[in-house]
Amino acid sequence: MSTNTSDSARKVTTRRLIEMKQRGEKISMLTAYDYTSAKIIDEAGIDAILVGDSASNVMAGNVTTLPITLDQMIYHGKSVVKGVSRALVIVDMPFGSYQGNSKEALASAIRIMKESHAEAVKMEGGKEVRESIERILSAGIPVMGHLGLTPQSINKFGTYNVRAREEAEAEKLLSDARMLDEIGCFGIVLEKIPAELAEKVSAEISIPTIGIGAGRGCDGQVLVMHDMLGLNRGFSPRFLRRYADLHTIMTDAVGRYIEDVKHGDFPSATEQY
Ligand code: KIV
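The following paragraphs examine the structure supplied in this document. The structure presented is a predicted model; accordingly, all values stated were derived computationally and were not measured. (Residues numbered from 1 in each chain as written. Predicted model: local features only at pLDDT ≥ 70, side-chain atom pairs only at ≥ 80, totals over all residues. Heavy atoms only, no water.)

## Some remarks on unusual backbone geometry
Point 1. Of note, the bond from F266 into P267 is cis; its omega dihedral lies within 30 degrees of zero at -5 degrees.
Point 2. One can find P267 in the segment after α11 (246-262).
Point 3. One non-glycine residue, H117, lies in positive phi territory at about 65 degrees.
Point 4. For H117, a relative accessible area of 57% puts it in the exposed group. (Helix = DSSP H or I, 4+ residues; strand = E, 2+ residues; numbered from the N terminus. Buried < 20%, exposed > 50% of the residue type's maximum accessible area, 1.4 Å probe, protein only.)

## A few points about the nonpolar core
Point 1. Counting residues in hydrophobic clusters, the biggest one holds 75 residues, and the most contacted among them are M29, I49, I90, I133, I136 and L190.
Point 2. For I136, the contacting residues outside a window of four places in its chain are M93, A105, L106, A109, V121, M123, I141 and V143. (Core = buried A, V, L, I, M, F, W, Y, C linked by side-chain atoms within 4.5 Å. Contact = heavy atoms within 4.5 Å.)

## What to know about the sheet that holds strand β8 (residues 220-223)
Point 1. The 8 strands are arranged β1-β2-β3-β4-β5-β6-β7-β8 in a closed barrel whose pairing can be described as parallel. When the angles between neighbouring strand axes are averaged without regard to direction, this sheet yields 25 degrees.
Point 2. Where strand β2 (residues 48-51) and strand β3 (residues 88-92) come together, 4 bridges link them in parallel fashion. Within β3, the position partnered with L50 by the bridge is I90. (Pairing = 2+ DSSP bridges. Axes fitted to C-alpha atoms, helices over the stretch in contact; angles between N-to-C directions.)

## Here we look at the site of the ligand
Point 1. What surrounds the ligand is the set T31, L50, G52, D53, S54, D92, K122, H146, V189, I212 and V224.
Point 2. One nitrogen or oxygen atom from the side chain of D53 is found 3.0 Å from an oxygen atom belonging to the ligand.
Point 3. The contact in question runs from an oxygen atom of the ligand to an N or O atom on the side chain of K122, over 3.0 Å.
Point 4. Protein chains shield 94% of the accessible area of the ligand, which is 260 Å² for the free molecule.
Point 5. The site holding the ligand turns out to be the second largest pocket. (Near = heavy atom within 4 Å. Polar contact = N/O pair within 3.5 Å; in protein donor to acceptor, adjacent residues only side chain to side chain. Areas by Shrake-Rupley, 256 points an atom, 1.4 Å probe, with all protein chains shown as cover. 1 Å grid on protein atoms, 1.4 Å probe; cavity = no way out; pocket = protein on both sides within 12 Å on 5 of 7 lines; lining within 4 Å. Sits in = over half its atoms within 2 Å of the grid points.)

## Regarding a negative patch on the surface
Point 1. A cluster of acidic residues, E259, D260, D265 and E271, forms a negative patch on the protein surface.
Point 2. Mapped onto the secondary structure, E259 falls in helix α11. (Patch = residues over 30% accessible without salt bridge, like charges linked within 9 Å, V, L, I, M, F, W, Y side chains within 5 Å. Salt bridge = Lys/Arg side-chain N within 4 Å of Asp/Glu carboxyl O. Lys, Arg positive; Asp, Glu negative; His and termini not counted. Charge placed at Lys NZ, Arg CZ, Asp CG, Glu CD.)

## Some remarks on the packing of helix α2 (residues 35-43) against helix α4 (residues 70-83)
Packed helix pairs are specified by the crossing angle of their axes together with the interaxial distance, meaning the distance between the axes.
Point 1. One can describe the packing of α2 onto α4 by two numbers: an axis separation of 7 Å at closest approach and a directional angle of 40 degrees. In terms of orientation, α2 lies oblique with respect to α4. Crossing geometry of α2 relative to α4 is assigned as right-handed. Every residue of α4 that contacts α2 at Y35, A38, K39 and D42 is listed here: S79, V80, K82 and G83. (Parallel < 35°, antiparallel > 145°, perpendicular 65-115°, else oblique. Left-handed = near helix turned anticlockwise from the far one by under 90°.)

## Examining the side chain of R163
Point 1. One can find R163 in the loop between α7 (154-157) and α8 (167-183).
Point 2. Take R163: its relative accessible area is 9%, and that puts it in the buried class.
Point 3. There is a polar contact of 2.9 Å between the side chain of R163 and the side chain of E169.
Point 4. Leave out the neighbours within four places in its chain, and R163 touches G148, L149, F157, E169, K192, I193 and P194.

## Looking at the layout of surface pockets
Point 1. In this structure, the second largest pocket encloses a volume near 640 Å³.
Point 2. As for the second largest pocket, its lining consists of 31 residues, and the residues nearest its centre are S54, N57, E191, V224 and F235.
Point 3. Secondary structure elements with two or more residues in the lining of the second largest pocket: α3 (55-58), β6 (187-191) and β8.
Point 4. Split by residue class, the lining of the second largest pocket holds 15 nonpolar, 9 polar and 7 charged. (Points joined across faces, edges and corners; volume = space filled by probe spheres on them. Nonpolar A, V, L, I, M, F, W, Y, C, P; charged D, E, K, R; others polar.)

## Description of the side chain of T209
Point 1. Residue placement: T209 occurs in strand β7 (residues 209-212).
Point 2. Other than its neighbours up to four places away in sequence, T209 contacts I188, L190, V201, S202, C218, D219 and G220.

## Quick word on the packing of helix α6 (residues 130-138) against α8
Point 1. Their axes nearest at 11 Å, the elements α6 and α8 cross at an angle of 20 degrees. On the basis of the axis angle, α6 is roughly parallel to α8. In this structure, α6 meets α8 at a crossing whose hand is right-handed. On α8, the residues that touch R130, I133, E134 and L137 of α6 are M179, L180 and I183.
Point 2. Grouping the amino acids of the contact of α6 with α8 by side-chain chemistry returns 5 nonpolar, no polar and 2 charged.

What follows is the structure, encoded as structure tokens:
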């Protein structure tokens, strides 16, 4: 059963997310990287699906998000789009596809839009990537920002700890958020920052903030689907709420299948031709 009773069938657009903020209606977002999962969460009524570069960790087993390529993000984006009829689909621009050269950034974003058929892109960073964001926006491609903990900069910061606890970093984040709003982004992911700061940012800007580890004051929330479904046992940050224990369910199901095969109980007479 869908959890979203209002507007349950109408396609979600970037415009609609902004209207939801104006109405005070919270926005739900989850990650997906494949057709089957995207179809399930879309049918459950999720507002937005992020084809996150966390696919690098979750799908490919890399330690960081840095190795995933533009081609791989397009592959995941294309698979997700095919499973979705209502949610807004946003594809992460991978590390190296937009930093430093705004023409390359635009070319990367155009490839994502043309080849995956997603409806928006997301990019990490503030003033450092302003030129790239503006060039992409000028081509009519909606951009979502991403501030706070920015995993593509892990080698600069060295940890995945909470960001912007210090006043100077909090000030920079606030000014980056204002800038992203002014230049025309349609939303901002705020990752792992103090709840008080996220609430302040959310109150000051006109576009929705989508938090992950950024508290209740954000206009919406995002989680990595595999984490909230309990598929990943080794990751238990404070901000993560597990809604299922699929690790246990899968382990049990596979164990019973193995037993049945070993004992000759599968297939049965009715499961053969
Ligand atoms: O790649 C990702 O999954 C993300 C979310 C954590 C926001 O960027």
